[in-house]
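Listed below are the residues making up each chain.
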Amino acid sequence: MSTSPTGTGKPSSGFGALPPVPVPIINRPLSNLAADTAAAKALAQAAINVELFTIPLYMAAMTSLQGVHEINASGISYYEGRAWPGMSTSATATTPNQQAYNAIFAVFIEEMLHLQLAANIASALGLQPSFTSAALQTSTGGWTCYGASNTVIPHIVNLTDLVAPYNTLAVNLAALTVPQTQLFELIEQDHTTALNNIQPAARTKYFPAAPFAGWTATMTEQDLPLFGTIGWMYYCYMQYITMVYTDGQTLFEKLFVAGSVQQDMFNSTSTSHHAEYPLMSATVSASQPLAALAQAVDMILGITSQGEGAGQSGASLARLLPPKARASLRSVKPPQDDGGVDPLFQPDEQNLAFDYPSYNSDGSQAPQSADATARGSWGATTHFEIFTQLQSLVAAGGVVTFPAWFAAGNSWTAALLTTTPPNPSPPTNIPSTQQVADALNALSGEASLLNTVVTGAIAGVTMGLNLYWQSQSAGFPYPAMVGAGDRMTMCWAANSQPDLSQGLTPTPEPGRSPSACQGLNYQSPPASPSCGTVSVFHSCRGTNACSGQGGCGFAQPDGGSPQTCSTVAARRVRKPRMSARPAAVGGTCGGPTPPPPGPTIYSAPGDNACQTLGGCAVPISASQLYPESGTMQVYNLFGDTPQKLGTIPFALGDSVFDIAWEAYSQVMQTKGITPTKPTPSNLRVALPPST
């Protein structure tokens, strides 16, 4: 991590003790505006970095829990009797693994909420949010913030400055263990706990006072001091955006961009989605600057309330706001005596049950939503307290991770991937449970390949997030986030530890379109039938970077004029552009969502004419089947402009790879080439179908 352990800010006089009555910064000379703007935007990006940093970290621990899960969807029964590696949420969590998974899942989802909130505040300040910051990642998608020798929680604390046992911990992706829960506690701890954990001689490195001493207009988030806690970072952030200049305006008023891109995956409302946090601001939607400032502060209070709990209340922090903004602040009650999450910032479990119903293996709706139970049961508990309880659960024994399961001599069998009741009419166009078990066992030791799969999936997510905050009409890559978790699960399930540090190897021939999946290579002559070009592995629709890279076949409407898309010809590929038609949001990977009015032509998997269209995961799971029927457009991707060749039908239960191969074969036949369909690779056999 490149953040300086000392930074430029001097420590506060209280060394992390939030003042009971915060004093606003007023009469700030306008000569400081350029430096203050740089500091506020650095803090805005640092907040994004911190929230993003937690997501792969918590995902790794969550997916390390040994177990299997069904893949069920409304009205779909063709996976009945089947299970795939990895846990999922439980409506009735009775085992230690189920309890641990539910707990981490609740935190994991709220970290995604925090990422949204941080990005929306940054956007309102005129900063384009970046989810690929050099503070966390290399230009090829390698994550530098994790590693066996890494000791810095980005922007927060260097673990070597802490007391034992915390000074021996590593900031790394790891299975769920007691040391890992200790790391999670350090990330979410409050100021008092943090102060006690920092060695006395090192305390002056942390809890800087705002405005930061020595800060200049050319500095970025990588020049920030370490803050000691996430809460202190947000406190400094609030001090900056509420500071008042000699002309009477706050910094927020000077930077505020009315009508900025404000995205919302949590509180948007429709006939199919209710607000998940109905009492909480999730976007900076106000057009009046001071009202918008109150919304931003309310969002920050939500983040810190959910994370560390009993910190600064809205009633006291309102003193940082100009009087006209104080009345708009939603969280104005004193802190709860129990130190839990302010009710304003808790999820509505009834709404969650409506938004995220669970289904049985026969396609019928289950009586209770597992996701709603997991999130609702932990909604009043801070992340710090969740991890404290989780540490006790792990220490008590009974939690089994994949590394421990393999160390005990276990391996995959067909029986482990078989559930009851059996499917009376199992599909014959997907691998058997024995074939999946054999493939998982064969992948043991393929750490490099598996880590590329995970890294590519997460790189697709971060790229998708960058696009999401560039256009109000862009779609959130939520299924891609879920798909990334599936791939991290498979890494553990194949006896490998996730490692995101290596990044992705750049495409060897930048002027040629990389192969999207096994054998689907549009180069002439075709390359060997490998399982896709690893540099384009991604986990769902919207995250494929170029034409010809669409994967598992999310039946997305064909995106309009191919003249707006890039060519796949054997020459330098022009930068592809988004389709003029907004992407569909939600639904299961493989199905057309939302149901289009009237006849619709869909984009074929692996034959998409536009960036982001054509499908979900690359490579395509050998078990991926279509849950709907329809018609797909086939494009000849050779030449400057993709040309329509015709259409192919797809039906409920068809193999997505088979449809992709049919489209690919039609294209190659225009070159006089009849390709030979390959046998599914172990990777494609082991991959679960996307959902």
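Thresholds applied
- Residues numbered from 1 in each chain as written.
- Predicted model: local features only at pLDDT ≥ 70, side-chain atom pairs only at ≥ 80, totals over all residues.
- Heavy atoms only, no water.
- Helix = DSSP H or I, 4+ residues; strand = E, 2+ residues; numbered from the N terminus.
- Contact = heavy atoms within 4.5 Å.
- Areas by Shrake-Rupley, 256 points an atom, 1.4 Å probe, with all protein chains shown as cover.
- Buried < 20%, exposed > 50% of the residue type's maximum accessible area, 1.4 Å probe, protein only.
- Pairing = 2+ DSSP bridges.
- Salt bridge = Lys/Arg side-chain N within 4 Å of Asp/Glu carboxyl O.
- pLDDT = per-residue confidence, 0-100.
- Phe/Tyr/Trp six-rings, centres within 6.5 Å; stacked < 30°, edge-to-face > 60°.
- Lys NZ or Arg CZ within 6 Å of the ring centre and 35° of its normal.
- Axes fitted to C-alpha atoms, helices over the stretch in contact; angles between N-to-C directions.

1. Details of the overall build of the protein chain
Then comes step 1: A count of helical and extended segments in the protein chain gives 18 helices and 7 strands.
Then comes step 2: For the protein chain, restricting intrachain contacts to residue pairs at least 6 apart in sequence, the fraction spanning at least 24 positions comes to 76%.
Then comes step 3: Of the roughly 24200 Å² of accessible surface on the protein chain, a fraction of 53% belongs to carbon and sulfur atoms.

2. Overview of the pairing of strand β6 (residues 630-636)
Along any regular strand, the residues point their side chains to alternate faces of the sheet.
Then comes step 1: For β6, the tally of buried residues reaches 5 of 7 residues, placing the bulk of the element in the interior.
Then comes step 2: Of the strand pairs in this sheet, strand β5 (residues 601-603) and β6 are connected by 3 bridges, and their pairing is parallel. Note on β6: the bridge partner recorded for Y602 is M632.

3. Concerning the pattern of salt bridges
Then comes step 1: All told, the structure shown has 5 salt bridges when counted by the stated rule.
Then comes step 2: Salt-bridge contacts for R28 lead to D36; the nearest nitrogen and oxygen are separated by 2.9 Å. The pair formed by R28 and D36 is uniform in burial state, with each residue classed as buried.
Then comes step 3: Across the pair D161 and K205 runs a salt bridge, and its minimum N-O distance is 3.2 Å. On the criterion of sequence distance, the pair formed by D161 in the loop between β4 (157-158) and α3 (178-188) and K205 in the loop between α4 (191-197) and α5 (230-242) is long-range, its members being 44 residues apart.
Then comes step 4: Note on D161: relative accessible area 8%, which makes it buried.
Then comes step 5: A relative accessible area of 28% means that K205 is categorised as partly exposed.

4. As for the confidence of the model for the protein chain
Then comes step 1: Averaged over the protein chain, the pLDDT score is 83; the fraction of residues at 70 or greater is 79%.
Then comes step 2: Of the regions scoring below 50 in pLDDT, residues 527-554 engages in 163 contacts with residues more than four places distant in sequence or in other chains.

5. Considerations on the packing of aromatic side chains
Then comes step 1: Within this structure, the stated rule accounts for 26 aromatic pairs.
Then comes step 2: Each ring, one from Y234 and one from Y237, has its centre 6.4 Å from the other, and the planes form 25 degrees; the classification is stacked. Highlighted residues: Y234 and Y237, both in helix α5, separated by 3 residues, approximately one helical turn.
Then comes step 3: Looking at Y237, the relative accessible area reads 1%, which means it is buried.
Then comes step 4: Between F402 and W412 the ring centres are 6.1 Å apart and the planes differ by 45 degrees, which places this aromatic pair in the tilted class. Here F402 is found in helix α13 (residues 402-407), whereas its partner W412 is found in the loop between α13 and α14 (433-442), with 10 residues between them in sequence.
Then comes step 5: By way of ring pairs, the aromatic residues F212, W215, F227 and Y240 are connected into one cluster.
Then comes step 6: When the ring centre of F657 is taken as reference, the NZ or CZ atom of R684 above it lies at 3.8 Å.

6. Some points on the sheet that holds β6
Strands in a sheet are paired, the pairing made by backbone hydrogen bonds, and the direction either parallel or antiparallel.
Then comes step 1: The sheet built from 3 strands is open, its strands ordered β5-β6-β7 with mixed pairing. In this open sheet, the two edge strands, each paired with only one partner strand, are β5 and β7 (643-650). The average angle at which neighbouring strand axes cross in this sheet is 40 degrees, direction not considered.
Then comes step 2: Where β6 meets β7, 7 bridges bridge the pair, whose relative direction is antiparallel. Bridge pairing in β7 links Q633 to T647.
Then comes step 3: Packed onto the sheet, helix α17 (residues 656-669) meets β6 and β7 and runs at close to 150 degrees relative to β7.

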